[in-house]
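Summary of the model geometry
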Amino acid sequence: MVSVTSLSSWLTPARQRKSRFLALVEPHSKTLYQTAYRLTGNQSDTEDLIQELFLRLYQKQDHWVHLDNPRPWFLRSLYNLYIDLYRKRRRTAGANDKSKQLDDLPYQLASAAEVTPLEATLDSDQQRLLKKALDHLDAEERNLIVLHLMEGYSLPEVAEIQQLPLGTLKSRLHRSKEKLKKLLLKEPFPSAERFLKVVSYED
Amino acid sequence: MQCIDAQRQLQSLDLDQQPSALVAEHLRHCNQCHDFYEDFRLRLHLESFAVPEPDPGFLQQAMKQAGQRQHRASLGHRAWTAAVAASLLVALLLVGRWQLPEAPSPKTAMQLQPQATSEQQLKEVRILIVSDQDYQDAHIQVALHEDLQLRGYDQQKNLSWRTPLKEGQNLLTLPIQIGQKGGQLEVTSRLGMHTHSLQLPLARGEQPSG
């Protein structure tokens, strides 16, 4: 007997596609926003990323609608869009930021143009330092740190999202973690003193 | 000092606090506790990353806009589709009208199976797409010429989807509403490097000819 695969599932009228999309994406929307914020570090880029993500998810609905758990698919799409944004930002900003010595990092507070007034109020010096350190990671390194260490996804889950073998993932995660430690923890002096020094430096 | 005691004391610190002289001395000689302390401080840093709540209504609005933007994008496809259709007609003449014959190394074939059921103006047109392998990203286009409409897609004359296809037979049933003048239905599939197209004239109250 010949087996026939029905394609009717994707022949769904626009209205139904919209309501199905809303019903399936809504439970994940806040988590995706959080992840996007941790990747970009600011609200404006997060909103752009999320809008692009939702558009892509809508367009590719037929690819994930049948999945029991579509979140890895969503996170993978988010990562791909983040890579695009990251490359665009690098092209715009040039390689200057990336070529700075790591020792310069404590003096690099976020510029006023990069954060909204609300964010500036909410951000502690510590948080700004962390954002700057994260900015020194490349897109994949940051994504691994965000997914595993900040969002708490297990290694097998991250491996699925990133489509990496577990062993490769572990070594890349280790490298990313060591890089971040070097940026954040190998300080010549405690952070409180460091920021006092920043003030006197700018004065 | 024992490692267990050092680690217990380290865990009670926050990022602004320094270990006591005794613990600091232990850290200088104990790699295990040193690594533990670094991991712990990294975790504290990462936990301190506060994510603000999204603006009220932003997520709902963004999800709704995704559907609307997609709709506008599909309307923009019309001119492009028309240009492609013209060139596909040549390919169709070469391979036959409804069914591909033994074409040289055909990767896929498409057949149209006329459907007898007719409900007033509605006809179900069943299209069988025969694929020699699984395709993750086949592109299927439906163009409705003249007085034809696909039920559920009011006023849309060109529709396209990307869909996976299974090896073997893939059935697509199109509920076509046929107006007074009838019209021509055109279905195009692009599978990998191969493109196939079918054209079918449809009229009210008649079986598809061909």
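Here the structure is a predicted model, which is why all the values come from computation and not from measurement. The written sequence of each chain sets the order in which its residues are numbered from 1. Numbering of ligands from 1 and lettering of chains from A proceed in the order in which they are written. pLDDT decides what is reported in this predicted model: residues at 70 or higher carry local features, side-chain atom pairs at 80 or more are listed and counted, and totals for whole chains, interfaces and linings draw on all residues regardless. The basis for every side-chain value is the complete set of heavy atoms in the structure, and neither hydrogens nor water enter the calculation.

The numbering of helices and of strands both runs from the N terminus, where a helix is a DSSP run of H or I of at least 4 residues and a strand a run of E of at least 2. Scanning chain B for helices and strands turns up 5 helices and 9 strands. Per-residue accessibility, obtained with a 1.4 Å probe over protein chains only, is compared with the maximum for each type, and a residue is labelled buried under 20%, exposed over 50%, and partly exposed between these values. Counting across all 210 residues of chain B, residues that qualify as buried make up 41%. Within chain B, contacts between residues separated by at least 24 positions form 64% of all contacts whose residues are at least 6 apart in sequence. Per element, the accessible surface of chain B, about 11600 Å² overall, is 50% carbon and sulfur. Here, two residues are considered to be in contact whenever any of their heavy atoms come within 4.5 Å of each other. Note on areas: Shrake-Rupley, 1.4 Å probe, and residue coverage restricted to the protein chains presented here.

Of the regular secondary structure elements, chain A holds 11 helices and 1 strand. Ordering the α and β elements of chain A from the N terminus gives β-α-α-α-α-α-α-α-α-α-α-α. When each of the 203 residues of chain A is scored for burial, the buried share is 45%. Taking the intrachain contacts of chain A between residues at least 6 apart in sequence as the baseline, contacts between residues at least 24 apart amount to 69%. Accessible area of chain A: about 10400 Å², with a carbon and sulfur share of 51%.

Contact with chain B, which involves 51 residues of that partner, is made by 54 residues of chain A. Counting the surface lost from both chain B and chain A, the interface buries some 4700 Å², and carbon and sulfur atoms represent 65% of this. Broken down residue by residue, the surface that chain B buries against chain A is led by Leu46, Phe49 and Met63 of chain B, which jointly contribute 16%. Throughout this description, the term salt bridge denotes a Lys or Arg side-chain nitrogen within 4 Å of a carboxyl oxygen of Asp or Glu. At the boundary of chain B and chain A, one finds 4 salt bridges. Polar contact is the term for a pair of N or O atoms within 3.5 Å; when the atoms are in protein, one must be able to donate a hydrogen and the other to accept it, and sequence-neighboring residues count only if both atoms are side-chain atoms. Linking chain B with chain A are 3 residue pairs in polar contact (both at pLDDT 80 or more), by the criterion used here. Residue assignment for the side of chain B that touches chain A shows that the elements contributing at least two residues are α3 (31-47), α4 (58-75), β3 (122-131), β4 (135-144), β6 (158-165) and β7 (168-178) of chain B. Note on residue classes: Ala, Val, Leu, Ile, Met, Phe, Trp, Tyr, Cys and Pro are nonpolar, Asp, Glu, Lys and Arg are charged, and everything else, Gly too, is polar. Classifying every residue of the side of chain B that touches chain A by side-chain character gives 25 nonpolar, 15 polar and 11 charged. Joining two parts hides part of their accessible area as seen by a 1.4 Å probe, and the buried area is that hidden amount summed over both.

In this section: the pattern of salt bridges. On inspection of all chains with the given rule, the structure shows 12 salt bridges over all chains. Here Asp39 of chain B and Lys181 of chain A are joined by a salt bridge, their closest N and O atoms 2.6 Å apart. Taken as a pair, Asp39 of chain B in helix α3 and Lys181 of chain A in helix α10 (residues 166-185) lie in two separate chains rather than in one. With a relative accessible area of 31%, Asp39 of chain B lands in the partly exposed category. Its relative accessible area of 4% is what places Lys181 of chain A among the buried residues. Arg8 of chain B is paired through a salt bridge with Asp5 of chain B; the nearest N and O atoms lie 3.5 Å apart. With Arg8 of chain B and Asp5 of chain B both in helix α1 (residues 3-11) and 3 residues apart, this pair spans about one turn of that helix. Through salt bridges with shared partners, a single network forms among Lys177, Glu178 and Lys181 of chain A together with Glu38 and Asp39 of chain B.

This part covers the packing of α10 of chain A against α3 of chain B. Only the stretch in contact is used when a helix axis is fitted, and all axes are lines through C-alpha atoms; the angle between N-to-C directions ranges over 0 to 180 degrees. Relative orientation of the contacting elements α10 of chain A and α3 of chain B amounts to 80°, with a least axis distance of 10 Å. What the angle tells us is that α10 of chain A and α3 of chain B run roughly perpendicular. Counted together, Lys177, Leu180, Lys181, Leu184 and Leu185 of chain A of α10 of chain A and Glu38, Asp39, Arg41, Leu42, His45 and Leu46 of chain B of α3 of chain B form the full contact between these two elements. Each residue belonging to the contact of α10 of chain A with α3 of chain B can be placed in one class, and the counts come to 5 nonpolar, 1 polar and 5 charged. If an angle is under 35 degrees, it is roughly parallel; if it is over 145, roughly antiparallel; if it lies from 65 to 115, roughly perpendicular; otherwise it is oblique.

On to the environment of Lys131 of chain A. Within the element layout of this structure, Lys131 of chain A appears in helix α7 (residues 125-135). With 92 residues separating them in the primary sequence, Lys131 of chain A and Leu39 of chain A have C-alpha atoms 9.5 Å apart.

This part covers α1 of chain B. Residues and elements named next belong to chain B. Every buried residue of α1 is listed here: Ala6, Gln7 and Leu10. On an axial view of α1, the arc spanned by its buried residues comes to 95°, and they lie on one face. Every exposed residue of α1 that faces more than 90 degrees away from the buried side is listed here: Ile4 and Arg8. Contacts made by the buried residues of α1 are with α2 (21-29) and α3. Our arc is simply the arc of the directions from the helix axis toward the C-beta atoms.

For the rest of this paragraph, the subject is α10 of chain A. Residue and element names in this part refer to chain A. Multiplying 1.5 Å by the residue count of a helix minus one yields the expected span of that helix. With 20 residues, α10 extends 27 Å from end C-alpha to end C-alpha; this agrees with the ideal 28 Å at 1.5 Å per step. For α10, every residue scored as buried is listed here: Leu169, Leu173, Ser176, Leu180, Lys181, Leu183, Leu184 and Leu185. Considered in projection along α10, the buried side chains sweep an arc of 160° and stay on one side of the axis. The exposed residues of α10 that point more than 90 degrees off its buried face are His174 and Arg175.

This next bit is on the environment of Leu169 of chain A. Residues and elements named next belong to chain A. Structurally, the position occupied by Leu169 is in helix α10. Overall, Leu169 belongs to the buried group, its relative accessible area being 0%. C-alpha separation for the pair Leu169 and Val158, spaced 11 residues apart in sequence, amounts to 8.0 Å. Apart from residues lying up to four places away in sequence, Leu169 is in contact with Leu144, Leu155, Val158, Ala159 and Leu164.

Attention now moves to the confidence of the model for chain A. Residue and element names in this part refer to chain A. On a scale of 0 to 100, pLDDT captures the predictor's confidence in every residue. Looking at chain A, pLDDT values average 77 and 68% of them are 70 or higher. Within chain A, no element has a lower average pLDDT than helix α11 (residues 191-202), which sits at 40, and none a higher one than helix α8 (residues 139-150), at 95. Scored below 50 in pLDDT, residues 95-113 shows 29 contacts in the model against residues more than four places distant or in partner chains. In the model, residues 188-203 has pLDDT below 50 throughout and makes 17 contacts with residues more than four positions away in sequence or in other chains.

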